[in-house]
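Listed below are the residues making up each chain.
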Amino acid sequence: MPEAQQWLQTCHICAYCRRYFRVDGSRVKTLQEEDKVLRTMELSLAHPAIKAFMCGSFSGTCSTLLFQPLDLVKTRLQTLQSSMQPGSGRVGMVTVLLSVVRTERLLGLWKGISPSFARTIPGVGIYFSTYYSLKQHFFPDSSPRAIQAVLLGGGARTVAGVFMLPVTVIKTRFECGRYSYGSVTGALCSVCRTEGPAALFSGLMATLLRDVPFSGIYVMFYSQSKASLPKEISSSASAPLANFSCGIMAGILASLITQPADVVKTQVQVNPQLRTGEAIRYIYMEHGLQGFFRGAVPRTLRRTMMAAMAWTVYEQMMTRVGLKS
């Protein structure tokens, strides 16, 4: 039985004095104990999908805060001007990283953290609550197979991606360095005023082509690799570390497969006048096939670590609230 339910069964509330008492008759004396009872009761009464949303939002917050610099470096690499001097050296991740620190100081690596939070906190929550709801509806008593896991992950990402695309557009513009927005709200108002509300959904097709396959492929590799773990590992204290390792492997494979779509998505969102097909032609004409893998290293590092951490934290928190993830 979950710890929360065990705690609730040991306490009840008096209808007259509104004090909390244990079953043995002793009163809950401290404010900390009463607060624990209240929080446990509120959490236990919440809908499972809401619990999944809360667990997902917390896990997304932790991973975003840690790995935002990698996302900024990836965006800068993908939006570099093509009009570089002939014979100039190849610009890589370390060069961009040092340039940002030199010109914008260390905190410049977290530029765009506000829209990242505005996207991640609700976005990851929506993703995990949708994933949990779909899984409980279609596979309440069994684990999904490989193709079913792809559909689960892709379906959950479609819902979250469409809802959060406007914030994703603002986040990309914050990070690229071409726009001087003061805040997320100001950026939203500026885009709607100068380019129209439709600009907030620029890159929708490229975003879905990147995120839906990524999530589907990730969930497939992650669930299958977890299922292949020996039972003594998956039930031991080292299970979170093993799950994290499975997440890293799944993230690397999914990131490399979907990298070209990420480059196209970034170009469309930074240059709203470009359509998806035009962005593909532009990247190929300017940089060749290797242009579709620009920023692959920081993106793979970030997506892999973020996804592995988000899933590990999410699963541990779901266990704490008494739900099977």
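Reading the values: rules and limits
Residues numbered from 1 in each chain as written. Predicted model: local features only at pLDDT ≥ 70, side-chain atom pairs only at ≥ 80, totals over all residues. Heavy atoms only, no water. Helix = DSSP H or I, 4+ residues; strand = E, 2+ residues; numbered from the N terminus. Buried < 20%, exposed > 50% of the residue type's maximum accessible area, 1.4 Å probe, protein only. Contact = heavy atoms within 4.5 Å. Areas by Shrake-Rupley, 256 points an atom, 1.4 Å probe, with all protein chains shown as cover. Expected span 1.5 Å × (residues − 1). Bend = angle between axes of the 7 residues up to and from the residue. pLDDT = per-residue confidence, 0-100. Salt bridge = Lys/Arg side-chain N within 4 Å of Asp/Glu carboxyl O. Core = buried A, V, L, I, M, F, W, Y, C linked by side-chain atoms within 4.5 Å. Axes fitted to C-alpha atoms, helices over the stretch in contact; angles between N-to-C directions. Parallel < 35°, antiparallel > 145°, perpendicular 65-115°, else oblique. Left-handed = near helix turned anticlockwise from the far one by under 90°.

Here we take up the overall build of the chain. When helices and strands are counted, the chain shows twelve helices and two strands. Along its sequence from the N terminus, the chain presents helices and strands in the succession α-β-β-α-α-α-α-α-α-α-α-α-α-α. The buried share among the 325 residues of the chain stands at 45%. Considering only intrachain contacts with a sequence separation of at least 6, the fraction spanning at least 24 residues in the chain is 75%. For the chain, the accessible area works out to roughly 17100 Å², and carbon and sulfur atoms hold 64% of it.

Looking at the element boundaries, V162 is found in helix 6 (residues 146-176). For V162, a relative accessible area of 37% corresponds to the partly exposed category. The spacing of V162 and G123 is 39 residues in sequence and 9.7 Å in space, taken between C-alpha atoms. Every residue in contact with V162, bar those within four places of it in the chain, is listed here: F201, L204 and L208.

With that settled, the discussion passes to unusual backbone geometry. Keep in mind that most residues, glycine aside, have a negative phi and that most peptide bonds are trans. For R105, which is not glycine, the phi torsion reads 65° and is therefore positive. We classify R105 as exposed; its relative accessible area is 68%.

Here helix 3 (residues 48-78) contains 31 residues, and its C-alpha end-to-end distance of 39 Å is more than 12% below the 45 Å for a straight helix at 1.5 Å per residue. Within helix 3, the axis deviates most sharply at F67, by approximately 60°, and proline P69 lies no more than four positions further along.

What follows deals with the side chain of S57. Position of S57 among the secondary structure elements: in helix 3. When near neighbours in sequence (up to four residues on either side) are disregarded, S57 contacts I121 and G125.

Moving on to the confidence of the model for the chain. Low-confidence regions, as indicated by low pLDDT, have predicted coordinates that should not be scrutinised in detail. Across the chain, the average pLDDT comes to 80, with 82% of residues at 70 or higher. The low-confidence segment residues 81-87, where pLDDT is below 50, has six contacts with residues more than four positions distant or belonging to other chains.

Let us look at the pattern of salt bridges. All chains considered together, the criterion is met by nine salt bridges. Salt-bridge contacts for D262 lead to R299; the nearest nitrogen and oxygen are separated by 3.6 Å. You can see D262 sitting in helix 10 (residues 239-270) and its partner R299 sitting in helix 12 (residues 296-320), a full 37 residues away along the chain. The exposure classification of D262 matches that of R299, with both residues buried. Salt bridges linked by common partners bring D71, K74, R210, D211, D262, R299, R302 and R303 together as one network.

For the rest of this paragraph, the subject is the nonpolar core. Y127, F128, Y218, W311, Y314 and M318 are the most contacted members of the largest nonpolar core, which has 36 residues in total. Elements with a contribution of two residues or more to this core: helix 3, helix 5 (113-138), helix 6, helix 8 (204-227), helix 10 and helix 12. Ignoring any residue separated from it by four or fewer positions in sequence, one finds F128 in contact with A52, G56, S59, A310, W311 and Y314. A206, V263, A279 and I283 belong to the second-largest nonpolar core, a separate cluster that totals eight residues.

On to the packing of helix 10 against helix 12, then. One way to put it is that helix 10 packs onto helix 12 with a least axis distance of 7 Å and a crossing angle of 140°. Between helix 10 and helix 12, the crossing angle belongs to the class labelled oblique. Crossing handedness for the pair helix 10 and helix 12: right-handed. Residues P240, N243, F244, G247, I248, G251, I252, S255, L256, T258, Q259 and D262 of helix 10 form the contact with helix 12, whose own contacting residues are A296, R299, T300, R303, T304, M305, A308, M309, T312, E315 and Q316.

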